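Structural characterization, general
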Amino acid sequence: MSRKTRPFGSFADSDDSDSDDSDYHPGDCSDPEDELGKTKRKRAKKMVACTSESASKKVLRTGRRGKDCKQQIANGSHILRQFPPEILVKVFQYGVLTQGIVNFIPRVSRVCRAWYEVSRNPLVWSVVDLPSSSLKLTVAKVNGLLQNDLSCCKSLNLSGQDKLQENNTISILQQMPGLRSLNLSDCYHIKATLLRQLPSLTPHLRRLNICFTAQFATTINMSSIEHFLKECGKNIVELRLARILCVQISSKQIFNSIEENCPNLEILDISIPDPNKTTAYPSRRFELNADHFFPKCPKLAELYLDGFNLVTPRNVAPGSDLLQLKCLHTLSMGYHCHEQAERPLFYRMFGATSRLQYLDISRSRLNPSLLTSQLKHVTELVMRDMNWRDADHSSLFDCIEAWKHSLVRLDLSFNMMVDGGLDAALLVYGDRREKYPLQSLDVKYSNVTATSIQSVVQNCSQLQEIDLTSCRELPRGCKHFIVKKEFKFLEKCLTRI
């Protein structure tokens, strides 16, 4: 198979060989050292032939077992050759989903001609996952990708491909008219012009991710986002615009545009802070008219609004103003530093929701204990480095007491609470007769003590991991990430005090 007919171009780098050299002539051994090497190779071949002959005799002596093995191998190869292409396409699709297209397709395409033809099937290329962690795209690799039929591609992931040029991205998108999901996170080559062309390049797009982590994106303006939402908003179910500068500055415009054009929106992420860092960010105060916004987006299930200080307008009467977010199951509203006189929107969002799968209010002053009467079930609770006043530390006890029978993951890292507030909250897990579902506990960089940790380890039978990194109140030898098989050693360390 020549390089030009490869289905992946430069994806699979071929091994270097002397046969590719222009001055290579097989059998030309003019050098005496080469003649000596040729003699040695002949002797080695004779030894291998003798060894294989003795091995074959040994197999024949096994009798019936050797014949059965040969028959099984013959039958297996025959079945493999008769495998229907439709079944192979399904197998290849599963391989692409589990191993990635870069790791799977270049290998199977070299097995035989039939598998090579199946690897060229457009249905196999329905998911093209090319993050920078698996492959750094260059112009040559993009050209190799474009040699394939990408007309059936439904999902494209180019996250982290910051070296990719905008024209290369457009060339790829032009080959995918039926694209439904597009991930361009951390692709800093994206400009407003590309966002304006997306409606014509991908008219069936339903999921768009252009989040950024290292720094704010400044090449995208609000007019390009509004144009995209106006053209494709009816189809959009997932929209991620985290750490885009124009979104932070023009908060009112982005909410109004989503309200007007995205009735089927299910996932919204417009977070400001970097989730991988713990540095503080100033919270941007914004009065959101939730009574207009949320009814226009009734299918919202996941909301990521970190860094937005969303408050209720003062003209809304308290008490009977709870929102009806029936589909909401994931909420992240960290870095929310409201003033004492303000009414955060957070306390209005659970009028119809009785359970959450994920709740993150890290680095905020929000008090979830005020919602325990409405919110009965929380699976994952993240409260890192809370900005509570000393008088509010007791609210942590109320939260865990109310949700201890539903919490599977609990993150209380970076909290330094006075008067043993953190220990009192964890001592809620004090009854061995209860079957607590807690599986993961993170209390790194906190002032938790050995008493509460010992209580959790002994009474939570389903606990799988606990992070005690840099917990200064604990004895030496246990201030690190610990898994279940190390719990006995952890208990010995804790009993030293």
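Structure first, text after, so check above.
Residues numbered from 1 in each chain as written. Predicted model: local features only at pLDDT ≥ 70, side-chain atom pairs only at ≥ 80, totals over all residues. Heavy atoms only, no water.

Along the chain, serine 126 turns up in the loop between helix H5 (113–119) and strand E1 (127–129). Within the structure, the side chain of serine 126 is placed 3.3 Å from the backbone oxygen of leucine 123, a separation counted as a polar contact. If we skip the residues at most four places from it in the chain, serine 126 touches Gln93, Cys152, Cys153, Lys154 and Ser155. (Helix = DSSP H or I, 4+ residues; strand = E, 2+ residues; numbered from the N terminus. Polar contact = N/O pair within 3.5 Å; in protein donor to acceptor, adjacent residues only side chain to side chain. Contact = heavy atoms within 4.5 Å.)

In this section: the state of the cysteines. Scanning the model with the defined rule gives 0 disulfides in all. Its sulfur unpaired, cysteine 152 is 9.1 Å from the next cysteine sulfur, which belongs to cysteine 153. Classification of cysteine 152 as partly exposed rests on a relative accessible area of 26%. (Disulfide = S-S within 2.5 Å. Buried < 20%, exposed > 50% of the residue type's maximum accessible area, 1.4 Å probe, protein only.)

Time to look at the pattern of salt bridges. Inspection of every chain in the model, using the stated rule, returns 14 salt bridges. Here lysine 296 makes a salt bridge to glutamate 259, at a shortest N to O gap of 3.9 Å. Here glutamate 259 lies in helix H11 (residues 251–261) and lysine 296 lies in helix H12 (residues 290–296), a separation of 37 residues in the sequence. Each member of the salt-bridge network shares a partner with another, and the members are Arg207, Glu238, Arg240, Asp269 and Glu302. (Salt bridge = Lys/Arg side-chain N within 4 Å of Asp/Glu carboxyl O.)

In a pair of packed helices, the angle between the axes and the distance between the axes together describe the arrangement. At a closest axis distance of 10 Å, the pairing of helix H6 (residues 139–146) and helix H7 (residues 166–174) adopts a crossing angle of 10°. Considering their axes alone, H6 and H7 lie roughly parallel with respect to each other. Here Val139, Val142, Leu145 and Leu146 of H6 come into contact with H7, specifically with Asn168, Ser171 and Ile172. Of the residues in the contact of H6 with H7, the class split is 5 nonpolar, 2 polar and no charged. (Axes fitted to C-alpha atoms, helices over the stretch in contact; angles between N-to-C directions. Parallel < 35°, antiparallel > 145°, perpendicular 65-115°, else oblique. Nonpolar A, V, L, I, M, F, W, Y, C, P; charged D, E, K, R; others polar.)

With that settled, the discussion passes to a positive patch on the surface. A cluster of basic residues, Lys154, Arg180, Arg206 and Lys299, forms a positive patch on the protein surface. Tracing the backbone through its elements, the reader meets lysine 299 in the loop between H12 and strand E8 (302–304). (Patch = residues over 30% accessible without salt bridge, like charges linked within 9 Å, V, L, I, M, F, W, Y side chains within 5 Å. Areas by Shrake-Rupley, 256 points an atom, 1.4 Å probe, with all protein chains shown as cover. Lys, Arg positive; Asp, Glu negative; His and termini not counted. Charge placed at Lys NZ, Arg CZ, Asp CG, Glu CD.)

Relative to the helices and strands, leucine 137 is located in the loop between E1 and H6. Between the alpha carbons of leucine 137 and glutamine 165 there is a distance of 10.0 Å; along the sequence they are 28 residues apart.

Further remarks concern the packing of aromatic side chains. Taken as a whole, this structure holds 7 aromatic pairs when the rule is applied. Relative to phenylalanine 212, the ring of tyrosine 188 has its centre 4.9 Å away and its plane inclined at 50°; by these criteria the two rings are tilted. Linking tyrosine 188 in the loop between strand E3 (181–183) and helix H8 (192–201) with phenylalanine 212 in the loop between strand E4 (207–209) and helix H9 (222–232), this pair joins segments that are 24 residues apart in sequence. A ring pair is formed by phenylalanine 293 and phenylalanine 294, whose centres lie 5.2 Å apart and whose planes are at 80°; its orientation type is edge-to-face. On the basis of relative accessible area, phenylalanine 293 is assigned to the buried category, the value being 1%. An aromatic cluster is present here, built from Phe92, Phe104 and Trp115 joined pairwise through their rings. It is arginine 243 that lies over the ring of phenylalanine 216; its NZ or CZ is 4.4 Å from the centre. (Phe/Tyr/Trp six-rings, centres within 6.5 Å; stacked < 30°, edge-to-face > 60°. Lys NZ or Arg CZ within 6 Å of the ring centre and 35° of its normal.)

A few words on the nonpolar core. A general tendency of soluble globular proteins is for nonpolar side chains to be buried together. Formed by 126 residues in total, the largest nonpolar core has its most connected members in Ile210, Ile225, Ile258, Phe294, Met349, Ile453 and Leu490. Setting aside anything within four residues of it in sequence, one finds phenylalanine 294 in contact with Leu288, Leu300, Leu303, Leu323, Leu325, Leu345 and Met349. (Core = buried A, V, L, I, M, F, W, Y, C linked by side-chain atoms within 4.5 Å.)

Bringing helix H16 (residues 487–494) into the picture now. All of the buried residues in H16 are Phe487, Leu490, Cys493 and Leu494. For H16, the angular spread of the buried residues around the axis is 115°, confining them to a single face. The outward face of H16, more than 90 degrees from its buried face, is lined by the exposed residues Lys488 and Lys492. (Arc of directions from axis to C-beta.)

Relative to the assigned elements, tryptophan 388 resides in the loop between strand E12 (377–382) and helix H13 (395–403). Spatially, the C-alpha atoms of tryptophan 388 and arginine 365 are 5.2 Å apart, while their sequence positions differ by 23 residues. When sequence neighbours within four positions are dropped, the list of residues in contact with tryptophan 388 reads Ser364, Arg365, Leu366, Asn367, Pro368, Met383, His393, Ser395, Leu396 and Met417. Here the side chain of tryptophan 388 touches leucine 366 through a polar contact of 2.8 Å, landing on its backbone oxygen.

Bringing the pairing of E12 into the picture now. In this structure, strand E11 (residues 355–360) lies alongside E12, joined through 5 bridges in parallel fashion. Paired with aspartate 360 across the two strands is valine 382, which belongs to E12. One ladder, built from 3 bridges, connects E12 with strand E13 (residues 409–411); its direction is parallel. Bridging across to E13, valine 382 finds its partner in aspartate 411. Once you follow E12 into H13 and on to E13, the crossover reads as right-handed. (Pairing = 2+ DSSP bridges. Right-handed = clockwise from strand over helix to strand, strands pointing away.)

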